[in-house]
Amino acid sequence: MQTSPLKSISLEEAQQRQFLLIDVITKHFRGDEILSLGDLGVVKGLNKPTYTKKVEEVLAAFFGVERAKLVRGAGTGALRYGFMSFLKPNDKILVHDAPIYPTSKTTLESMGIIPIAVDFHKHEEIKAGIAAHPDLKGVLIQHTRQQINDHYDFAEIIEVIQSVEPSLTIITDDNYAAMKVSQIGAQIGADLSTFSLFKLLGPEGVGLIVGKADLIEKIEAFNYSGGSQIQGYEALEALRGLIYAPVMLAIQAGVNEQLVKQLNHGAIPGVKNAFLANAQSKVLLVEFDEPIADQVLHHANELGAAPNPVGAESKYEFVPMFYKVSGTFLASDPSLEKTMIRINPLRSGVDTVLRILTLSIEQAKQRSK
């Protein structure tokens with residue numbers, strides 16, 4: 001098996017990311033404003049809380065884009081509003097020839113959008129797909145991998161598309177990539193980037209859209225009602241989480257790298273192979289020499305590992321997570337269901353993950369005898 005995980009930023013780079021965000025915050029907030037929980041309601045002239053507006057200005061400056069918009073519905077909601085800003089029923093959108101992330105697929109189907117699939121690994125196929133469909137309205141690019149063998153270069157795809165048809169609206173799904181990699185889509189030429197702030201230590205259900213002002217102004221109009229607004233206290237909570245996310249995620253990436261090395265050097269009997277992959281978050285894929293995946297997951301839960309995600313790297317998830325391989329990966333190879341699991345160390349260290357995995361495999365093999 002060949003995987004091509006996204007390159008994580010280093011711990012030093014993550015620290016600089018944290019320092020930059022703090023610097024930007026001090027340019028938009030007074031000190032006493034930071035020491036509050038924010039305001040509520042649709043303030044006259046803004047139609048949203050003042051603190052929500054300030055946080056959006058901070059995030060736009062931090063990512064170096066024209067506008068930022070906090071929305072409800074987390075990453076799914078952000079992507080949905082992004083689609084609504086430039087697509088109408090029966091419009092066509094270019095996508096990678098791979099299983100579309102389920103919530104994105106549901107949104108496209110419910111909107112009556114027609115996906116045109118091409119292989120993003122083949123630049124000539126991308127160009128041919130655009131040429132064959134002059135009525136294309138845009139392109140959806142998922143930053144993380146949709147299937148195990150994906151390895152396309154995110155920035156190169158954006159460059160190729162814009163060289164052929166610069167009028168196409170490019171929207172990127174940066175869930176599981178934002179604050180882990182050097183740049184998100186809107187920082188390298190995409191019109192909109194969307195992702196969940198719940199995945200970045202923020203509050204439940206808050207998503208972020210950053211990019212072109214004209215598109216985000218349309219999204220503002222969709223969210224006119226008071227009940228649609230992200231309140232000031234939620235915006236500040238999202239900002240506080242984002243401050244700590246890059247360093248935390250860089251530490252997590254380092255633990256993953258140590259784990260894959262030790263497992264591939266025979267640290268635990270019963271492990272056939274270990275890989276790093278973005279499935280969807282950057283995780284450790286562990287392949288067993290026997291079909292014991294279900295039993296290992298059962299015992300890992302008993303030993304203290306989380307059996308399922310909450311928000312996939314949310315503030316509630318801190319023990320290591322042992323869970324099944326993602327549905328999009330299984331769609332490309334269903335046989336993995338019995339022989340492979342994925343592990344996200346989250347806030348834990350190498351020793352904790354190895355201990356739980358060793359005991360889980362031992363108990364699974366004893367049970368199968």
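Report follows, based on the coordinates. Values in this document were obtained by computation on a predicted structure and should not be read as measured data. (Residues numbered from 1 in each chain as written. Predicted model: local features only at pLDDT ≥ 70, side-chain atom pairs only at ≥ 80, totals over all residues. Heavy atoms only, no water.)

**Details of the overall build of the protein chain**
When its secondary structure is counted, the protein chain shows 13 helices and 11 strands. For the protein chain, whose C-alpha radius of gyration is 21 Å, the value lies close to the compact-globule estimate of 21 Å for 369 residues. Along the three orthogonal principal directions, the C-alpha set of the protein chain runs to about 70 × 55 × 35 Å. Per-residue burial over the protein chain gives 56% buried out of 369 residues. Of all intrachain contacts in the protein chain linking residues separated by at least 6 positions in sequence, the fraction that spans at least 24 positions is 69%. The protein chain carries 36 positive and 42 negative side-chain charges, and their two centres are separated by 3 Å. (Helix = DSSP H or I, 4+ residues; strand = E, 2+ residues; numbered from the N terminus. Rg over C-alpha atoms; globule rule 2.2 N^0.38 Å. Buried < 20%, exposed > 50% of the residue type's maximum accessible area, 1.4 Å probe, protein only. Contact = heavy atoms within 4.5 Å. Lys, Arg positive; Asp, Glu negative; His and termini not counted. Charge placed at Lys NZ, Arg CZ, Asp CG, Glu CD.)

**A look at the sheet that holds strand β5 (residues 169-173)**
Spatially, 7 strands are ordered β1-β7-β6-β5-β4-β2-β3 in an open sheet, and the strand pairing comes out mixed. Among the strands making up the open sheet, the edge pair consists of β1 (67-72) and β3 (114-118). The mean angle between the axes of side-by-side strands here comes to 25°, regardless of whether they run parallel or antiparallel. Direction of pairing for strand β2 (residues 92-96) relative to strand β4 (residues 136-142): parallel, over a ladder of 3 bridges. Of the residues in β4, the one forming a bridge with Ile93 is Gly138. (Pairing = 2+ DSSP bridges. Axes fitted to C-alpha atoms, helices over the stretch in contact; angles between N-to-C directions.)

**A look at unusual backbone geometry**
Look at Ala74: it is not a glycine, yet its phi comes out positive at around 55°. Within the secondary structure, Ala74 sits in helix α4 (residues 74-84). Backbone geometry places Ala312, a non-glycine residue, at a positive phi of 60°. Mapping Ala312 onto the fold places it in the loop between α10 (293-302) and β10 (321-324). For Ala312, a relative accessible area of 10% puts it in the buried group.

**Describing the side chain of Gln146**
Among the secondary structure elements, Gln146 is positioned in the loop between β4 and α7 (154-164). Looking at Gln146, its side chain comes within polar contact range of the main-chain oxygen of Pro99, at 3.2 Å. (Polar contact = N/O pair within 3.5 Å; in protein donor to acceptor, adjacent residues only side chain to side chain.)

**A short note on the packing of helix α1 (residues 11-28) against helix α3 (residues 50-63)**
Following both chains from N to C, one finds α1 and α3 inclined at 135°, their axes separated by 9 Å at the closest point. Between α1 and α3, the angle is such that the two are oblique. Of the two possible hands of crossing, α1 and α3 adopt the one that is right-handed. Together, Arg17, Leu20, Leu21, Val24, Ile25 and His28 of α1 and Lys54, Glu57, Val58, Ala61 and Phe62 of α3 make up the contact between the two elements. (Parallel < 35°, antiparallel > 145°, perpendicular 65-115°, else oblique. Left-handed = near helix turned anticlockwise from the far one by under 90°.)

**Let's talk about the nonpolar core**
Side chains of nonpolar character tend, in soluble globular proteins, to be buried together. Membership of the largest hydrophobic core comes to 35 residues, with the highest contact counts inside it found for Phe63, Leu70, Leu197, Leu200 and Leu208. Elements with a contribution of two residues or more to this core: α1, α3, β1, β7 (206-211) and α9 (232-264). The element that contributes the greatest number of residues to this core is α9, accounting for 9 residues. Contacts of Leu200, omitting those with residues within four sequence positions, involve Ala178, Met179, Phe195, Gly241, Leu242, Ala245, Leu249 and Glu313. Listed in part, the 27 residues of the second largest apolar core include Leu259, Ile268, Leu354 and Ala364. (Core = buried A, V, L, I, M, F, W, Y, C linked by side-chain atoms within 4.5 Å.)

**Topic: the packing of α4 against helix α5 (residues 102-111)**
Running from N to C, α4 and α5 point in directions that differ by 35°, and their axes come no closer than 10 Å. Here the hand of the crossing between α4 and α5 comes out right-handed. Between α4 and α5, the contacting residues are Thr76, Leu79, Arg80, Phe83 and Met84 on the first element and Thr103, Ser104, Thr107, Leu108 and Met111 on the second. Of the residues in the contact of α4 with α5, the class split is 5 nonpolar, 4 polar and 1 charged. (Nonpolar A, V, L, I, M, F, W, Y, C, P; charged D, E, K, R; others polar.)

**With respect to the sheet that holds strand β8 (residues 271-278)**
One open sheet holds the 4 strands; their spatial order is β8-β9-β11-β10, and the pairing between them is antiparallel. Of all strands in the sheet, those bounded by a partner on one side alone are β8 and β10. Averaged over all neighbouring strand pairs, the angle between strand axes comes to 30°, with direction disregarded. Note that strand β9 (residues 282-288) and strand β11 (residues 340-344) share 4 bridges and pair antiparallel. Its bridge partner being in β11, Glu287 is matched across the sheet by Met340.

**With respect to the pairing of β7**
Burial analysis of β7 places 6 of its 6 residues in the buried class, which makes it a mostly covered element. Residue alternation in β7 divides its side chains into two sets, Val206, Leu208 and Val210 and Gly207, Ile209 and Gly211, and both sets are buried. Sheet topology places β1 next to β7; 6 bridges connect them, and they run antiparallel. Its bridge partner being in β7, Arg72 is matched across the sheet by Val206. Judged from the 5 bridges that link them, strand β6 (residues 192-196) and β7 form a sheet pairing that is antiparallel. Its bridge partner lying in β7, Thr194 is registered against Ile209.

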